[in-house]
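# Structural description and commentary
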Amino acid sequence: MPFFRGLRPPQAFVRRNLSSFAQLRSIRARDAPLDIHPEVEDALAHNKPVVALETALVTHGLPFPSSLEVPLALEEIVRSTGSIPATIGIIGGRVKVGLERDELERLADYKKVKPAKVSRRDIAAAIALEADGGTTCSATMIFAALAGIKVFATGGLGGVHRGGETSMDVSADLHELTRCPVGLVSSGVKSILDIKRTLEYLETLGVPVLSYGDSREFPAFFSRHSSLECGQPGFSSPGSVARSPFIDDVYLNVDTQWQLGMQNGALIAVPIPEEHEAVGELIQKFVNQAVLESEENGISKSGKDATPWLLNRIAELSGGLSLSSNIALLKNTALIGGQIAVHYQKLINESFHDSGDHFLSHALSHGKKPTPSPLGHFPDHKNADLHQPSASVVVIGSAAVDITAQELPNTNAALAVHSTAPGHIRVSLGGVGRNIAEASHRVMQAKYPALSSILLAPVGYDGLGHILVDEMTQFGMRTDGLVRTDKQTAVCNMVLDSNGTLVGGVADMSIMESVNLDEIIPHLQKHSPSIVALDGNLPTTTLEALVHHCNQRAIPVLFEPTSTIKSTTILPAILTALNAQESNDEGKASDQAPIAYCTPNLLELTQIYETAQSDLFDLMNHPSWWYVINDLNLGSAFRMDLEQLARRPVSDHSGVKGDLNFLLEEGIAQKAVHLLPFFQHLVIKCGEQGVLIAMRIAAEDAAASGWAKLRSNPHQRYIVAHGNHKEIVVLQHIPSLPVESLVNVTGAGDSFVGALLAAIAHNRNVLYHPTSLHDAVLTAQKAATLSLQSHYAVSPLLSSLGR
């Protein structure tokens, strides 16, 4: 093996991933009907092992209920190895890489329309007719390779049929192995086929065939013995996946093929478990009888219907023995496939980290015209997404590339001061506006598919800018709102401790100064969104102009403060809006605050409050502020209710310590109420202490709201106060959700805001009813929790919220 070991797989690993990504990006850019399950997408994004599974066995290979029970069992077996299962099928004309249980049930127990058996030739037709379909080995390999999945486990591969030398009846599975760089794990070829001619044909096609075990003998499906050897020399296994030299050989074989520009896969032949060997010879007699009958009755000439007929006939003749053996070998290949995927991914990751990641150095090159990179060409995206429909949510803010450095666990922090510490460095997408837009997009996909969002942000022509556009396209996000500029794309460098907590960093957001209103305003006019979200990275003058534009058109504005330093950038826009209201309304304040929603954390809330009352703005001496505060008429009853609320525990779950006294001691409730003339709804992120909503419901909305007839109930964590002119003030506390494991905190708040935006876009009065408010905030909290447990700022698993 010296030749193989002399090559360098890490470089190939980077190139291979970029090639798969480019192909997938190209297909998604054409709006192809392809959906990758969030769990599978998350696994691929984090370099976790994934095993593809087919669905032809669900639709045409097994009787019900085995057609449902077996694929579910296979998924659990794959999970038991540490791999993520990706069962592939077609549902309603959309290719699904990873199926939900109800989708598997739909394929397994069809009532009205029998799903199609989909091979390569049938893919386009099944999609065009919006049909359901079970994917054969060939179709499953196509979609696995497209998604970047390197291991596919199945029962038996198609091959050369008996008499194939005259009938030319050869399965498309064999040719697909020449096109897809996937390791196919199976118990050989189906027992009804001509094994010898299949092996000869695979040799002709140049497909490596490797035997799994301590023998080079090719298995005969129901039997461990065929008297035929695998054609690939030098790949005998010591017989145990735990010892793993065999998997090293598989890895080097497949990866070396890719390095040399060869796009074919490999067949890994796994014998049926020994305990099922005894009945193999008996079943083979039934196989021969069924084949003979098929030749006599003409079924053998019926094409793709021949295999299901033969399998059913063999099951009848064997009295169910063949079905039991078939299920046993399916479970065995799923187990071996999962183990191979785990070790394969481990080898790749180890080699990749040993060699260093050269991707970043190419990404950091600047300039209008990106220089050619040895890792691939960056295309121009200026013509992307020209014919998209109007968006429900417009997010205006920053799009950045995040470079995150995190210490390894148990690192001595004292020793790392003024020095470097061992750890991991990751490159991912970030920027507050972009994070919010992605979270909103993913939640809309899951819960409100009729809605859509768009990000308006400046992006450079440099390598980082192309990464942003490419990755957003891969996520299915719109990119027609990105404004290309000569400036350097925003970069945020963050340092996390071993617990994933942010300890410091540097952000270069200077590109935000180049935001051009002449390019932003036309987008707003085009979309007429139901809500606009602004992040604190925008320049003050830009915020003023955008708030004015939205207020003039009664478009609600959500402001995300972004950071303590930037949280006050919205105050000049508020002051301008209040002055405009005063002049228009002859001294009376409007029922609607200049900013409809603001989502600060506790530190940002305090900063906004203190700056608003400072001499610089003196907003709390503004006539509009006095008018609103006096009209709210909050007296001693409100204070008593607040004191009762402050005595409530932070959470009703046992074991959670602390109470809500911080609302009084730190003046959080007072600050929130005093800011209501400027912000109609404050959704305050209190970290482990939960979420506090403080809102002023205008008289025109109050009567129809769910709060109109309610009185304060501190036990239920809410306070309701009625003003002089029928407006309502509500304070509602919602406890936090438990977090099983903390990976990073960089995008949790943005994920919360994005999910909340999606709920508001779906129902503008979502906060005006206690039940819908709880549901919306709970979804937002779940989104934040998922992102806390992800290496990405926004977890791909948000796409499964509500399913």
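First things first, this report covers the structure right here in the doc. (Residues numbered from 1 in each chain as written. Predicted model: local features only at pLDDT ≥ 70, side-chain atom pairs only at ≥ 80, totals over all residues. Heavy atoms only, no water.)

### Regarding the sheet that holds strand S17 (residues 502-508)
Keep this limit in mind: Should DSSP find at least two bridges between two strands, the strands are regarded as paired. Under the DSSP-based scheme used, a helix requires at least four consecutive residues in state H or I and a strand at least two consecutive residues in state E, with every element numbered from the N terminus. Axes here refer to lines fitted to C-alpha atoms; in helices the fit is confined to the stretch in contact. Angles between the N-to-C directions go from 0 to 180 degrees. Throughout, a residue-residue contact means that at least one pair of heavy atoms, one from each residue, lies within 4.5 Å.
Overall, mixed pairing links the four strands, which are arranged S13-S12-S16-S17 in an open sheet. One side of each edge strand has no neighbouring strand; the edge strands of this open sheet are strand S13 (423-430) and S17. Going from strand to strand, the sheet's axes swing by 15° on average, the running direction of each strand aside. The pairing of strand S16 (residues 490-496) with S17 spans six bridges and is classified as antiparallel. Opposite Val495, over in S17, you have Gly504 as the bridge partner. Contacting strand S12 (400-407), S13 and S16, helix H19 (residues 463-475) crosses the sheet at an angle of about 75° to S13.

### As for the side chain of Thr485
What counts is decided by this rule: Relative accessibility thresholds used throughout: buried, under 20% of the residue-type maximum; exposed, over 50%; partly exposed, between the two (1.4 Å probe, protein chains only). Polar contact criterion, stated in full: a pair of N or O atoms within 3.5 Å, where within protein one must be able to donate a hydrogen and the other to accept it, and residues adjacent in sequence count only if both atoms are side-chain atoms.
Locating Thr485 in the fold gives a position in strand S15 (residues 482-485). The class of Thr485 is buried, set by a relative accessible area of 15%. Within the structure, the side chain of Thr485 is placed 3.3 Å from the backbone nitrogen of Lys487, a separation counted as a polar contact. Here Thr485 is in contact with Pro458, Val459, Gly460, Tyr461, Ile511 and Ser514, once residues within four sequence places are set aside.

### With respect to unusual backbone geometry
Residues Phe64 and Pro65 are joined by a peptide bond in cis, for which omega reads 10°. Relative to the helices and strands, Pro65 is located in the loop between helix H4 (56-61) and helix H5 (66-80). One non-glycine residue with positive phi stands out, namely Ala554, at about 55°. Judged by its relative accessible area of 67%, Ala554 is exposed.

### Regarding the sheet that holds strand S24 (residues 728-734)
One key point about sheets: their strands pair by backbone hydrogen bonds, in either a parallel or an antiparallel sense. Strand order in the open sheet formed by ten strands is S15-S14-S11-S18-S19-S20-S21-S22-S24-S23, with mixed pairing between adjacent strands. Either end of the sheet is taken by a strand with one partner, and the two such strands are S15 and strand S23 (718-722). If you compare each strand with its neighbour and ignore which way they point, the axes differ by 15° on average. Across the face of the sheet, helix H29 (residues 748-762) comes into contact with strand S11 (393-396), strand S18 (531-535), strand S19 (557-560), strand S20 (595-598), strand S21 (679-685) and strand S22 (691-697) while running at roughly 140° to S21.

### Some details on the nonpolar core
Put simply, the rule reads: Working definition of a nonpolar core: buried Ala, Val, Leu, Ile, Met, Phe, Trp, Tyr and Cys residues. They are joined through side-chain atoms within 4.5 Å.
Formed by 68 residues in total, the largest nonpolar core has its most connected members in Ile396, Ile570, Leu675, Phe678, Phe679 and Leu682. Counting residues in each nonpolar core, the second largest holds 65 residues, with Val401, Leu773, Ala780 and Leu788 among its members.

### Structural notes on the packing of aromatic side chains
Test applied: Only rings of Phe, Tyr and Trp enter the pairing, Trp through its six-membered ring, and a pair is recorded when the two centres are within 6.5 Å. The plane angle decides the type: under 30 degrees is stacked, over 60 is edge-to-face, the rest tilted.
Counting across every chain of the model gives two aromatic pairs. Judged by centre distance (5.0 Å) and plane angle (85°), the ring pair of Trp625 and Trp626 falls under edge-to-face. In this structure Trp625 comes out as buried when scored by relative accessible area, which is 6%. Trp626 sits in the partly exposed class, given a relative accessible area of 41%. Judged by centre distance (5.4 Å) and plane angle (75°), the ring pair of Trp707 and Tyr718 falls under edge-to-face.

### Observations regarding the pairing of S16
Among the seven residues of S16, five are classified as buried, and the element is accordingly described as predominantly covered. The pairing of S12 with S16 spans seven bridges and is classified as parallel. Bridge assignment links Val401 to a residue of S16, and that residue is Val491. Counting the residues in the hairpin turn of S16 and S17 gives five residues, including Gly500, whose phi is positive at 90°.

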